[in-house]
Amino acid sequence: MDANDDVPSSSPRIFDRYASSSDDDSQPSYPTLHSTNRRLDYMIQFLDRNLLPQHTSRPNAFLPEFVAKGGGQGIFTLPDRRALHPNRPPYLEVRPHPLRETQFGRFLKTIASTERQLWAGSESGAVRVWEFKDLYEEGEEEAAAPFRESSPLLSNDNGNGNAAVMCMVGDEGNGVVWSGHRDGRIRGWKMDSESDGFKEGWCWQAHRGPVLSILFTCYGDVWSGSEGGNIRIWPWEAIDNALSLTMEERHMASLLMERSFVDLRSQVAVNGFSSLLNSDIKCLLSDNIRAKVWSSSHLSFALWDARTRELLKVFNIDGQIENRTDLSLVPDFSMEDEIKMKIVTSSKKEKTQSSFGFFQQSRNAIMGAADAVRRVAAKGGFVDDSRRIEALTIIVDGMIWVGCANGLLIQWDGNGNRIQDVQHHSSAVLCLCSFGSQIWAGYASGTVHVLDLEGNRLGGWVAHSSPVLKMAIGAGCIYTLAKHGGIRGWNMTSPGTLDSILLSELTAKGFLYTRIENLTILTGTWNVGQGRASKGSLDSWLRFAVSDVGIIVIGLQEVEMGAGFLAMSAVRETVGRDGSAVGQWWLDMIDETLRDMMKRKSQDMMGKKLHEWRKFERVGSRQLAGMLIAVWVKDNLKPHVGDIDAAAVPCGFGHAIGNKGAVGLRLRVYDRIFCFVNCHFAAHLEAVGRRNADFDHVYRTMTFSRPSNIFNAGAAGASSAVPMLRGANAMGAHSPEGMPELSEADMVIFLGDFNYRLDGVSYDEARDFISQRSFDWLRERDQLRSEMEAGNVFQGMREAFITFAPTYKFDKHVAGLSGYDSGEKKRVPAWCDRILYRDCRRTLGSECSLECPVVSSVSKYESCMDVTDSDHKPVICIFSVEIARIDESVRRQEFGDIMRSNEEVTCKLEELCKIPETIVSTNNIILQNQDTSILRITNKCMESNALFKIVCQGESTIKDDGLASDHHPRGSFGFPRWLQVTPAEGIIKPDHVAEVSVHLEAFHTQEEFVDGFPQNWWCEDNRDKEAILVVKVHGRYTMETRNHRIRVRHCCSGKMKKIDPKPSDSQKIQGNLLHRADYQRLSVSYDVVDHLRNLHSP
């Protein structure tokens, strides 16, 4: 076997870190003492709950409850909360879903992968990196796998906003990751940076607008796209110069790179295409198979030659080709901007500016204004947004797949011909990636689909509770970044047989990573009758807050009423404004009451000595006309509470006015969804049907969104196609489409003035029974209980048995039961003010677990009869809640242990990740004078396809002694410009041969660009050159490769002199002539072996 053949690569696999090796880095690390103690705690908790007698596992102090009929079906179906859903493959939780409130200004916006690392860029401009070998370990922050993070970047001074990372690309050849930022800069980060010095290594101003897309071509050049169709290229030679600078010279790199770009707008004018790139260049795609580059705007594409940078074709999303036109009337606006910036810099630049006369500049200014209007129109929705291009990817057979905002997937060949379109999902396609023989699509619904190369759906599941923004491939996994900032890794073999094995093993170990949290929630409702409460009344009503309460929810009705106020409230709602001065007064009063109560408690506990006390913080509120709801959270619980969303549903006057209706708040507590809804339904004894209809309307239509005062537009991610998702798609559930948002919560609490009355009871009868505290007879005549028992309202919900007197209607400022309505109407007392709930229990005896993660009981349900500020009495209900949650850090380690120790898993992986045996026809090729040699790659495996990719490991110059100098890689292992390799990637069927053309291209003239303009030309150094090609062969599911190294030598015959920047025609011809030396045609690479035996091998 040749020494250059069959060299296995060091690319990590999903189980590499557990493989036996003498290398310390590959040895498995063991759980820390902290994580081991947590495992023991969870195990003891599990044993206590399952081995102790059932009657002792839960306290007996809870109140009996009445359960409404009609639950568990239709829109009242409980959400499926299995942590390991059988329809979703097990996943690696790289970064759990963070609370939104902790991410403002630092949401992750994009991810990219290198051979050994996963990178992410954030809104703050910071980047973070995970080592693949550490992804199963315990981290220190956010319950995420261990990572390193750079410092946030400050906004620049050019007025382009913050430095958020918009796109990233890795350069394996030079160990650098390049990031494009919203401030128009491109920054470079060393892959091997240490945590104490993790900062940008290179930075330059690439565009005046944000850098929306970035890539490396197969020749090592960097292409970047920005707003207004601006595409710029940084040739590898310029990047190489910047990388070669020492740390002391690094400041020069910015100046060097800012002036060495190629502006493709000039290339568009030269080739005579009409204006295609007036829209933002969101997507760039490198077709390394054919050495082409695709760029896309909203509804059109451009196809470029990666080597010559020539614009080859312009076509729209329907495949229609855009014709060439006279572009003399199409101005180069980006070039014009650059020229304007250079007027006063130097006399040399004035020479460039001189060609632009007064009339030329005036015409361009007018055309620029027209172009700005067109661009605003495009952004403002005058284009068909439903067909907007959102993502591109190229697959191993050379086909291009495009994802659109309407969910359509379109297949194109490499020449821009539309082949077919498929649609498997109605949601927008936000990202695409491919590996082996599979395509992965991420949707705005949070769904991920896996397709074969023909576009047929192989599987799909809900990957995240919010849109899937980006994907990256590495270490045997597909990593998905969700809009909320969570990152998950999915095995490349999914969907497949390995999923069921992992699912079974992880489920069996569930007790090791399941933690049960206990939480007390105090809820209160009060119809305040447009009055204002005294401090004493609030103290009396909220007195139980000083107990072990973690969350307080208060719902008020009739805070403010009146026709004028209701009309103004409706107007404010239409412009997204809510709240009122009176509503704010109530919030401030409750804030003050809670603060004083907790302070007094703290002083009492410390013997009247001041010290730091626990306090409540208001985390959200929502007002609709007279209805107001607010939530307070104790400070020690606040790190576990977030993602606050609000909602309002008017039910009055044709569902338009908020005199009746509901307001709601939704929040995530210990990764579970809680919804609190404050209602005020139709009044009067006979309006039972209207009250039922009010509930039905609220339940079906309540839609949560972020409160306007904390809305952060930057968190919306990178795509205009990302909608404000409903329900679980914003919070974490996975309910079928079309289900109400309230049905997707783990626990829902309804509170308020429901206005249900007592049927068949006179005023005097009610007073008599109340005075005797004979509530059983009155409960049987309660309209709400009757309707719940019939399954007409609050289906499936629970209410503790009522043991307090009816709360309506009272004379104000009259204490005790004697205060019932003494007016002319003498309204019959009724339990108008109620608090109901439902949790995750499907049966009465269900215990808290990952399948039933929220189980609640009522420990107190009573009214506050001594409060006389309103004609209603305030009501409180205290819930004792058990919440089952996953310790993601421990689960991640258990996942790793399964990958290491389970023989069935390791054997299955070894079987799936086999690399087919291949041979190449030669390891050495000599080329002269535009020769073409055929490299043959044979797949000797009789069962599996072999997938190959050819890269250039390095290029060198042959010295006078015939030996090669050090081989230096181009960007991302790109090819030298004198070499064309076609195809550079492909599939080889079993027992088949692939033929690869290795062609010497006559590319002796280079151009140097300064500020986008060609400045001078010279001929390449025509010494003999050598390139080391590496044929990387892998299987369908593995990124581990078996490599074949091939030396390609370019033999020249003479040296070329430098050409004058403005040569005459004869000089141009002479300068490009090559004098041919002795030459022997080499039809195939077998012919050159004898000539290379005595040459230096790399």
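We now turn to the structure provided with this report.

What counts as what
- Sequence positions are assigned chain by chain, starting from 1 and proceeding in written order.
- At least 70 in pLDDT is required for a residue's local features to be given in this predicted model, at least 80 for side-chain atom pairs to be given and counted, and no such filter applies to totals for whole chains, interfaces and linings, which use all residues.
- Based on all heavy atoms of the structure, the side-chain values leave hydrogens and waters out of the count.
- We call two strands paired when DSSP finds no fewer than two bridges between them.
- Elements are defined by DSSP. Helices are runs of H or I of four residues or more, strands are runs of E of two residues or more, and each kind is numbered from the N terminus.
- Each patch is assembled from residues with relative accessible area greater than 30% and no salt bridge, linking like charges that lie within 9 Å and nonpolar side chains (Val, Leu, Ile, Met, Phe, Trp, Tyr) that lie within 5 Å.
- Using a 1.4 Å probe, accessible areas were evaluated by the Shrake-Rupley method; residue-level cover was limited to the displayed protein chains.
- By convention in these notes, a salt bridge is any Lys or Arg side-chain nitrogen within 4 Å of a carboxyl oxygen on Asp or Glu.
- A 1.4 Å probe rolled over the protein chains alone gives each residue an accessible area, and that area as a share of the maximum for its type sets the label: buried under 20%, exposed over 50%, partly exposed in between.
- Any pair of Phe, Tyr and Trp rings, taking the six-membered ring for Trp, is counted once the centres come within 6.5 Å. Such a pair is stacked with planes under 30 degrees apart, edge-to-face with planes over 60 apart, and tilted for the rest.

## Points about the sheet that holds strand β4 (residues 108-113)
- Within the open sheet, the four strands sit side by side as β4-β5-β6-β7. Their pairing is antiparallel. Taken across any chain shown, the strands that pair with only one partner, and hence form the sheet edges, are β4 and β7 (148-149).
- Here strand β6 (residues 127-131) pairs with β7 via two bridges, running antiparallel. Each residue of the ladder has a partner; that of V129, found in β7, is R148.

## Things to note about a nonpolar patch on the surface
- Together, F46, L47 and L51 give the surface a local cluster of nonpolar side chains, amounting to about 300 Å² of exposed area.
- Among the structural elements, F46 can be located in helix α1 (residues 33-51).

## So, the pattern of salt bridges
- In the structure shown here, the tally under the stated rule is 48 salt bridges.
- Here E65 and R841 are joined by a salt bridge, their closest N and O atoms 3.9 Å apart. Of this pair, E65 sits in strand β2 (residues 65-67) while R841 sits in the loop between β40 (833-838) and β41 (854-863); the two residues are 776 residues apart in sequence, bridging distant segments of the chain.
- The exposure class assigned to R841 is buried, which follows from its relative accessible area of 9%.

## Some thoughts on the packing of aromatic side chains
- Scanning the model with the defined rule gives 36 aromatic pairs in all.
- Relative to F315, the ring of F301 lies with its centre 5.3 Å away and its plane at 25°, an arrangement referred to as stacked. Separated by 14 residues along the polypeptide, F301 in strand β18 (residues 300-305) and F315 in strand β19 (residues 311-316) bring together distant segments of the chain. F315 matches F301 in its accessibility class, with the two residues each being buried.
- Ring centres 5.3 Å apart and planes at 75° place the aromatic pair W526 and W541 in the edge-to-face group. Of this pair, W526 sits in strand β31 (residues 514-527) while W541 is found in helix α11 (residues 535-541), placing the two residues 15 residues apart along the sequence.
- On the basis of relative accessibility, which here comes to 1%, the residue W541 falls in the buried class.
- Aromatic ring contacts, followed pair by pair, group F76, F681, F695, Y699, F750, F754 and F794 into a single cluster.

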